[in-house]
Amino acid sequence: MAADTTPPALQDFLTWRLHRLAKLTDRQSSDAYTQVFGLGVGEARCLAAIGQFAPLSVKDLAAQANLDKAQASRAAQMLVDRELVLKSASETDARGVVLTLTRSGRPLWKRVMRLIEQRNAEIFGCLTKAEQRQLEAVFDRLIAHADARPQGSSPATP
């Protein structure tokens, strides 16, 4: 029988560190979005995604903003209520909707994008330009690898 070994410390796992970094940066970004624009982090993410990728269905918005469909739907409706986003019937799906920025939503989207750019500069400012490029390449590889895995699949356990 194999000896029971002590597992690695939780804080040493990459996934733990990525989640922690994401939570720290989300908290700081959320504060900035609320103070500057009166938007929650979900609404700001949705506004950014709609401005970048419109027209979007709610399902596509959820994927682009990294939110679940219910969160994306609530955030989109809040943006519609504030007249920042237009919700119209989909021409290809009788039950679907399409989301686009309104005339008043476009300038706010640009301001949100500038804040995102500023937040990224602050977060990655401790790295040299070469380290930033390296990290971007590593993230691109990790994301591509994770995207290539079928949903719901998990590695075999020993």
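Owing to the predicted nature of the structure, the values given are computational and were not obtained by experimental measurement.

**Thoughts on the overall build of the protein chain**
Line of reasoning, step 1. What the protein chain contains, in helices and strands, is six helices and two strands.
Line of reasoning, step 2. Listing every helix and strand of the protein chain by position from the N terminus yields α-α-α-α-β-β-α-α.
Line of reasoning, step 3. Against the 2.2 N^0.38 benchmark of 15 Å for 158 residues, the protein chain shows a C-alpha radius of gyration of 19 Å, more extended than a compact globule.
Line of reasoning, step 4. Sorting the 158 residues of the protein chain into buried and exposed places 24% on the buried side.
Line of reasoning, step 5. Within the protein chain, residue pairs in contact and separated by at least 24 positions form 48% of the contacts whose partners lie at least 6 positions apart.
Line of reasoning, step 6. Accessible area for the protein chain stands at about 11,600 Å²; split by element, carbon and sulfur atoms hold 54% of it.

**Some points on the nonpolar core**
Line of reasoning, step 1. Counting 28 residues, the largest nonpolar core has Leu39, Leu47, Ile50, Leu61, Leu79 and Val112 as the members making the most contacts within it.
Line of reasoning, step 2. Mapped by element, the contributors of at least two residues to this core are α1 (14-37), α2 (41-53), α3 (58-65), α4 (69-81), β2 (97-101) and α5 (105-124).
Line of reasoning, step 3. Ignoring anything within four residues of it in the chain, the contact list for Ile50 reads Leu56, Leu61, Leu79, Val85, Leu99, Thr100 and Leu101.

**Points about α3**
Line of reasoning, step 1. Within α3 the residues assigned to the buried category are Val58, Leu61, Ala62 and Ala65. The arc enclosing the buried residues of α3, seen along the axis, measures out at 100 degrees, which places them on a common side. Counted as exposed and oriented over 90 degrees from the buried face of α3: Lys59 and Ala63.
Line of reasoning, step 2. The inward-facing, buried residues of α3 abut α2, α4 and β2.

**Comments concerning the side chain of Thr25**
Line of reasoning, step 1. Structurally, the position occupied by Thr25 is in helix α1.
Line of reasoning, step 2. On the basis of relative accessibility, which here comes to 15%, the residue Thr25 falls in the buried class.
Line of reasoning, step 3. Among residues more than four places away in sequence, those in contact with Thr25 are Arg119 and Ile123.

**Observations regarding the pattern of salt bridges**
Line of reasoning, step 1. Applying the stated criterion across every chain, the model contains three salt bridges.
Line of reasoning, step 2. Taking the shortest distance from any N to any O, the salt bridge between Asp12 and Arg17 comes out at 3.8 Å.
Line of reasoning, step 3. Residue Arg17 is classed as partly exposed on the basis of its relative accessible area, which comes to 46%.
Line of reasoning, step 4. Note that Asp26 and Arg45 form a salt bridge whose closest N and O atoms lie 2.5 Å from each other. In this pair, Asp26 sits in helix α1 while Arg45 sits in helix α2, placing the two residues 19 residues apart along the sequence.

**A closer look at a nonpolar patch on the surface**
Line of reasoning, step 1. Judged by side-chain polarity, Leu14, Leu18, Val138 and Leu142 come together as a nonpolar surface patch covering roughly 310 Å² of accessible area.
Line of reasoning, step 2. Residue assignment for the nonpolar patch shows that the elements contributing at least two residues are α1 and α6 (129-148).
Line of reasoning, step 3. Relative to the helices and strands, Leu142 is located in helix α6.

Procedures and definitions
- Each chain has its residues counted from 1, following the order in which its sequence is written.
- Where local features are concerned, this predicted model is filtered to residues with pLDDT of at least 70; where side-chain atom pairs are given and counted, the filter is 80 or more; whole-chain, interface and lining totals use all residues.
- Values shown for side chains rest on all heavy atoms present in the structure; no hydrogens or waters enter the calculation.
- Note on conventions: DSSP H or I runs of at least 4 residues are helices, E runs of at least 2 residues are strands, and numbering of each starts at the N terminus.
- As a reference, a globule follows 2.2 Å times the number of residues to the power 0.38, and the radius of gyration itself is taken over C-alpha atoms.
- Residue burial is assigned from relative accessible area. The probe radius is 1.4 Å, only protein chains are included, and a residue is buried under 20% of its type maximum, exposed over 50%, and partly exposed in between.
- Only heavy atoms matter for contacts: two residues are in contact if any of them lie within 4.5 Å across the pair.
- Throughout, the Shrake-Rupley method with a 1.4 Å probe supplies accessible areas, and for residues the shown protein chains are the sole cover considered.
- Definition of nonpolar core: a set of buried residues of the types Ala, Val, Leu, Ile, Met, Phe, Trp, Tyr and Cys, connected through side-chain atoms within 4.5 Å.
- Taken from the helix axis, the directions to the C-beta atoms give the arc we talk about.
- For salt bridges, the criterion is a side-chain nitrogen of Lys or Arg within 4 Å of an Asp or Glu carboxyl oxygen.
- Patch criteria: residues need more than 30% relative accessible area and no salt bridge. Like-charged residues are merged within 9 Å; nonpolar side chains of Val, Leu, Ile, Met, Phe, Trp and Tyr are merged within 5 Å.

Spatial relationships are all this shows, so hold off on functional conclusions.
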